[in-house]
Amino acid sequence: MAGCDDYTMICSLNPFYIEKQVILLPQIEGVWHANPKLSLDPSIWKTADTTFNWTVTRKLDGNKNPENEYLVKMYRNKPDSISFSYSVKIFMADNQLYADFSNASNIASDNSRLTFENHYPVHTLAKIINRDKQIILSWLNDETMVSMIEEKRVRASFRWILSANRVLLTGSSAQLFEMVEKYCNETRFVDWEKQEAMLTLTRVN
């Protein structure tokens, strides 16, 4: 399926996780730099994605108590300058770590691929790969998902959104989580190390 630059992350109307599988991952908190070199097509990433710092912190509720969720903020030089924010929940499925990204408050920007993909109130799915004191994020793309549905008979509810020129998964979180748990840890369904959108996060501090 074609999207912006002939590429889109698969997006879902509902979260990919179920609450009881959500976990905290303390080692992901901090400030990071993102490198796109592992992506099959690094050019899909925009300026903000790879030149802004990424800060990962626990979200706070109205009483400033930590929630079971992270806030990922990309900012240029200083936190009070231009920035983009994402809500992220980390969850386990078949003993693998995944991250569910959703828009926290962004306006779509040509300077950020993540902002483009998460502009609408949708969710995108990335696998977390820990390697050599770095964290690799690999996002599931729509072509892989469509292939899973059409060629490999994976059950997933979806519809084609003509105005956005993309596939939208419409199943419940329970259905989506079952799909991730059952199929997404098998290379014949998803080769996470060969996805177009991959970022290597290296700690800044």
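Residues numbered from 1 in each chain as written. Predicted model: local features only at pLDDT ≥ 70, side-chain atom pairs only at ≥ 80, totals over all residues. Heavy atoms only, no water.

Quick word on the overall build of the chain
Part 1: The secondary structure content of the chain amounts to 4 helices and 12 strands.
Part 2: Out of the 205 residues in the chain, the part that is buried amounts to 50%.
Part 3: Of all intrachain contacts in the chain linking residues separated by at least 6 positions in sequence, the fraction that spans at least 24 positions is 64%.
Part 4: Carbon and sulfur atoms provide 48% of the accessible area of the chain, an area that totals close to 10000 Å². (Helix = DSSP H or I, 4+ residues; strand = E, 2+ residues; numbered from the N terminus. Buried < 20%, exposed > 50% of the residue type's maximum accessible area, 1.4 Å probe, protein only. Contact = heavy atoms within 4.5 Å. Areas by Shrake-Rupley, 256 points an atom, 1.4 Å probe, with all protein chains shown as cover.)

Some details on the packing of aromatic side chains
Part 1: Under the definition given, this model contains 9 aromatic pairs.
Part 2: Here the aromatic rings of Tyr183 and Phe189 are separated by 4.8 Å at their centres, their planes lie at 65 degrees, and the arrangement is edge-to-face. Each member of the pair, Tyr183 together with Phe189, is buried.
Part 3: One aromatic cluster in this structure is built from Tyr17, Phe91, Tyr98, Phe177 and Trp192. (Phe/Tyr/Trp six-rings, centres within 6.5 Å; stacked < 30°, edge-to-face > 60°.)

Re unusual backbone geometry
Part 1: The backbone of Lys64 sits at a positive phi, close to 65 degrees, despite the residue not being glycine.
Part 2: Structurally, Lys64 is set in the loop between strand 4 (53–60) and strand 5 (66–75).

Points about the confidence of the model for the chain
Part 1: Here the chain averages 85 in pLDDT, and 85% of its residues register 70 or above.
Part 2: For residues 1–5, every residue scores under 50 in pLDDT, and the model assigns this stretch 13 contacts once sequence neighbours within four places are set aside. (pLDDT = per-residue confidence, 0-100.)

Topic: the pattern of salt bridges
Part 1: Evaluation of the coordinates by the stated rule reveals 4 salt bridges.
Part 2: In this structure, the salt-bridge partner of Glu193 is Arg131, at a minimum N-O distance of 3.2 Å. Here Glu193 is found in the loop between helix 4 (173–183) and strand 12 (198–203), whereas its partner Arg131 is found in strand 8 (residues 123–131), with 62 residues between them in sequence.
Part 3: Glu193 sits in the partly exposed class, given a relative accessible area of 48%.
Part 4: Its relative accessible area of 32% is what places Arg131 among the partly exposed residues.
Part 5: Among the salt bridges present, the one from Arg188 reaches Glu186, with a minimum N-O distance of 2.9 Å.
Part 6: Exposure remark for Arg188: the relative accessible area of 58% places this residue in the exposed category.
Part 7: A relative accessible area of 31% places Glu186 in the partly exposed class. (Salt bridge = Lys/Arg side-chain N within 4 Å of Asp/Glu carboxyl O.)

Brief notes about helix 3 (residues 142–150)
Residue pairs spaced three or four apart in an α-helix point in one direction, given the helix's 3.6 residues per turn.
Part 1: Burial analysis of helix 3 places 7 of its 9 residues in the buried class, the great majority of the element.
Part 2: Buried residues of helix 3: Asp142, Thr144, Met145, Val146, Ser147, Met148 and Ile149, and no others.
Part 3: Buried residues belonging to helix 3 abut strand 10 (158–161), strand 11 (166–169) and helix 4.
Part 4: The backbone nitrogen of Glu143 has a side-chain oxygen 2.9 Å away, supplied by the residue at the start of helix 3, namely Asn141. (Polar contact = N/O pair within 3.5 Å; in protein donor to acceptor, adjacent residues only side chain to side chain.)

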